[in-house]
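Close look at the chain arrangement
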Amino acid sequence: MSLILNQAELTQRAQSVLPGGGFGNFDPGIVIREGRGAHVWDEDGNRYVDYLIGSGPMILGHGHPEVIAAVQDQLQKGTTFFASNARGIELAEEICRAVQCAEQVRYVSTGGEADMYAMRLARAFTGREKILKFEGGYHGMSAEALMSLAPLKLANFPVPVPDSAGLTAAARDGVLVAPFNDPDFVRSLLSERGDEVAAIIVEPLQRIIPPVRGFLDALREECDIHGTLLIFDEIVTGFRLCYGGAQEFYGVVPDICTLGKIIGGGFPLAAIAGRSDIMAHFDQDRVGSAGFLKQIGTLSGNPIAAVAGLKTLEILRRNGSYERLRSNGKTLMKAAGEQLSAAGQQHRIVGDATLFDVVFTDRRVENYRDVLAGDAKRYSRFSRELHSRGILKSPGKTYSSLALSDDDLEKTVEAIAAAAGCLADSKPN
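What comes next concerns the included structure. Here the structure is a predicted model, which is why all the values come from computation and not from measurement. (Residues numbered from 1 in each chain as written. Predicted model: local features only at pLDDT ≥ 70, side-chain atom pairs only at ≥ 80, totals over all residues. Heavy atoms only, no water.)

Turning to the layout of surface pockets, a few remarks are in order. Reported here for the second largest pocket is a volume of approximately 640 Å³. Around the second largest pocket, the lining comprises 28 residues; the ones closest to its centre are Ser84, Val105, Arg106, Tyr107 and Ser300. When residues of the lining of the second largest pocket are traced back to their parent elements, those giving at least two are helix H3 (86–98) and strand S4 (104–108). Taken together, the residues that form the lining of the second largest pocket break down as 14 nonpolar, eleven polar and three charged. (1 Å grid on protein atoms, 1.4 Å probe; cavity = no way out; pocket = protein on both sides within 12 Å on 5 of 7 lines; lining within 4 Å. Points joined across faces, edges and corners; volume = space filled by probe spheres on them. Helix = DSSP H or I, 4+ residues; strand = E, 2+ residues; numbered from the N terminus. Nonpolar A, V, L, I, M, F, W, Y, C, P; charged D, E, K, R; others polar.)

Here you go:
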């Protein structure tokens, strides 16, 4: 029988068996024991209002009873088959109904896989090799994605900066990098090298940074001019900004999009979706061996994740779901803005009501370098003060969820006020 250990003992054990003492995702000093609704508890029994929500997928909160019931029903019938299953087919049908660019869907298990295959798919379709991405954009852990993800040493555009050991020069040479929200730079670059570029991949809302008016439209126009595919990475924004995702919210339709997080209802599931003539490259019978893009995944489209995703999407379609999600976020954004202003803190509230954060700066935030120029030490202290008052959030994002109650929001507003007060007597760096 295992002994019940506290958080400090568990983190010490983790040091022996896990590099860095954790899973590589989040603060390894926090070990979560359980989650229910809008709350999580660590192994010491401390309760937090959860704005991390599994890095996005738990938009309904933890352990939603209808999702749990759907999963339990499927558990009796089997967990995975490495073959097609009805629930996965039904989920693909719903994605194609909801997402404007989606004529066909191919499943994988993670968002990083989806983005990797989307870029490979663009190369297969166009016969070109280069991918244009934006500095600071997160597209998983593939070699292309790890170019200029979070560079501390800034290079002149469009030169990519590798953000990891183990990357090859060939991978670096296959990527061009542009500043987010700068359509003129993209136009200039494609006018010179457009015939080399297979795709532009972009988070329509990059991390927390919204697109400036006309930016996404300009990307669409330039892709059409140069025969380049437009990929929207909607791992985060899909079914979050609204039911049809960023392409519905912003009114710009890509050729391919990637989806994850919410479509699996908290289980491993992601997808590539796009036009049928592009998606044909996953079908050897349609494109032949030379154009075939091989993709196999043991758990891709597994029925557990599919039923969890189907039930999650059903709940999101109910009247008032997105209104409530946005109302919760607006309450928090307003409180953060008012309290930090009252405390004399230079700041910007950046993002959308469904996901946002604070950047401690006096300048507009329109790209990665604007965020990088913010006061990171002040941000870290603000986050620590929130954590000490029972608020759990990502370093860089605050996710709203449907599980938040009025009491949760009230507690969070109080924590924001106290954290802002703690900054009032200290001067910016």
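So, about helix H2 (residues 65–75). Considered for burial, the residues of H2 that qualify are Val67, Ala70, Val71 and Gln74. Each buried residue of H2 lies within a common arc of 95° when the element is viewed along its axis, so the set occupies one face. Where H2 is buried, its residues contact H3 and helix H11 (303–316). (Buried < 20%, exposed > 50% of the residue type's maximum accessible area, 1.4 Å probe, protein only. Arc of directions from axis to C-beta. Contact = heavy atoms within 4.5 Å.)

Here is a general trend for soluble globular proteins: nonpolar side chains tend to be buried in one another's company. Ranked by internal contacts, the top residues of the largest apolar core, which has 57 residues, are Val99, Leu132, Phe134, Ile200, Leu219, Phe239 and Leu316. Top element by residues in this core is H11. It accounts for nine residues. Setting aside chain neighbours within four positions, we find leucine 132 in contact with Leu176, Val177, Ala178, Val186, Leu189, Leu190, Val197, Ala199, Ile200 and Ile201. In terms of nonpolar packing, the next biggest core, distinct from the first, is built from 24 residues, Ala38, Ala336, Val358 and Ile416 among them. (Core = buried A, V, L, I, M, F, W, Y, C linked by side-chain atoms within 4.5 Å.)

Ordered by their spatial adjacency, seven strands build an open sheet running S4-S10-S9-S8-S7-S5-S6, and the pairing between neighbours is mixed. At either end of the open sheet lies a strand with only one pairing partner, and these are S4 and strand S6 (175–178). Neighbour-to-neighbour, the strand axes of this sheet turn through a mean angle of 20°, independent of strand direction. Here strand S8 (residues 229–234) runs beside strand S9 (residues 256–259); their pairing, made up of four bridges, is parallel. (Pairing = 2+ DSSP bridges. Axes fitted to C-alpha atoms, helices over the stretch in contact; angles between N-to-C directions.)

The side chains of a regular strand alternate, first on one face of the sheet and then on the other. In terms of burial, strand S12 (residues 355–359) is largely enclosed, as five of its five residues are buried. Neither face of S12 is open: one carries Leu355, Asp357 and Val359, the other Phe356 and Val358, and all of them are buried. Connecting strand S11 (residues 348–352) to the next strand, S12, in antiparallel fashion are two residues. With two bridges connecting them, S12 and strand S14 (residues 398–399) associate as antiparallel partners.

This model, assessed by the stated rule, comprises seven aromatic pairs. Ring centres 5.5 Å apart and planes at 75° place the aromatic pair phenylalanine 134 and phenylalanine 215 in the edge-to-face group. Placement of phenylalanine 134 in strand S5 (residues 130–134) and of phenylalanine 215 in helix H7 (residues 215–226) is noted, with a sequence separation of 81 residues between them. As far as burial versus exposure is concerned, phenylalanine 134 and phenylalanine 215 are alike and both buried. (Phe/Tyr/Trp six-rings, centres within 6.5 Å; stacked < 30°, edge-to-face > 60°.)

Let's shift gears to the environment of leucine 404. Summarising the element assignment, leucine 404 is placed in the loop between S14 and helix H15 (406–424). Remark: the alpha-carbon pair of leucine 404 and aspartate 115, spanning 289 residues in sequence, is separated by 31 Å. Among all residues touching leucine 404, those that are not within four sequence positions of it are Ala38, Val49, Tyr51, Asn328 and Leu409.

Taken together, the side chains of Leu152, Leu154 and Leu372 define a hydrophobic patch exposed on the protein surface, amounting to about 300 Å² of accessible area. Residue position: leucine 372 is located in helix H13 (residues 368–372). (Patch = residues over 30% accessible without salt bridge, like charges linked within 9 Å, V, L, I, M, F, W, Y side chains within 5 Å. Areas by Shrake-Rupley, 256 points an atom, 1.4 Å probe, with all protein chains shown as cover. Salt bridge = Lys/Arg side-chain N within 4 Å of Asp/Glu carboxyl O.)

We now examine the side chain of aspartate 42. Here aspartate 42 shows up in strand S2 (residues 39–42). Notably, aspartate 42 is buried but unbridged: the nearest opposite-charge side chain belongs to arginine 33, and the N-O separation is 6.5 Å. Of note is the side chain of aspartate 42, whose polar atom sits 3.1 Å from the side chain of tyrosine 48. Apart from the residues within four sequence positions on either side, aspartate 42 is in contact with Gln7, Val31, Ile32, Arg33 and Tyr48. (Lys, Arg positive; Asp, Glu negative; His and termini not counted. Polar contact = N/O pair within 3.5 Å; in protein donor to acceptor, adjacent residues only side chain to side chain.)

Here we come to the pattern of salt bridges. This model, assessed by the stated rule, comprises 28 salt bridges. Across the salt bridge formed by glutamate 338 and lysine 334, the nearest N and O atoms sit 2.8 Å from each other. Placement of the pair is glutamate 338 and lysine 334 together in helix H12 (residues 321–342), with a separation of four residues, close to one helical turn. Residue lysine 334 is classed as exposed on the basis of its relative accessible area, which comes to 52%. Arginine 363 is the partner of aspartate 370 in a salt bridge, and the nearest nitrogen-oxygen pair spans 2.8 Å. Judged by relative accessible area, aspartate 370 falls into the buried class, the value being 8%. Overlapping salt bridges, with partners in common, bring together Arg220, Asp224, Asp255, Arg275 and Asp277 in one network.

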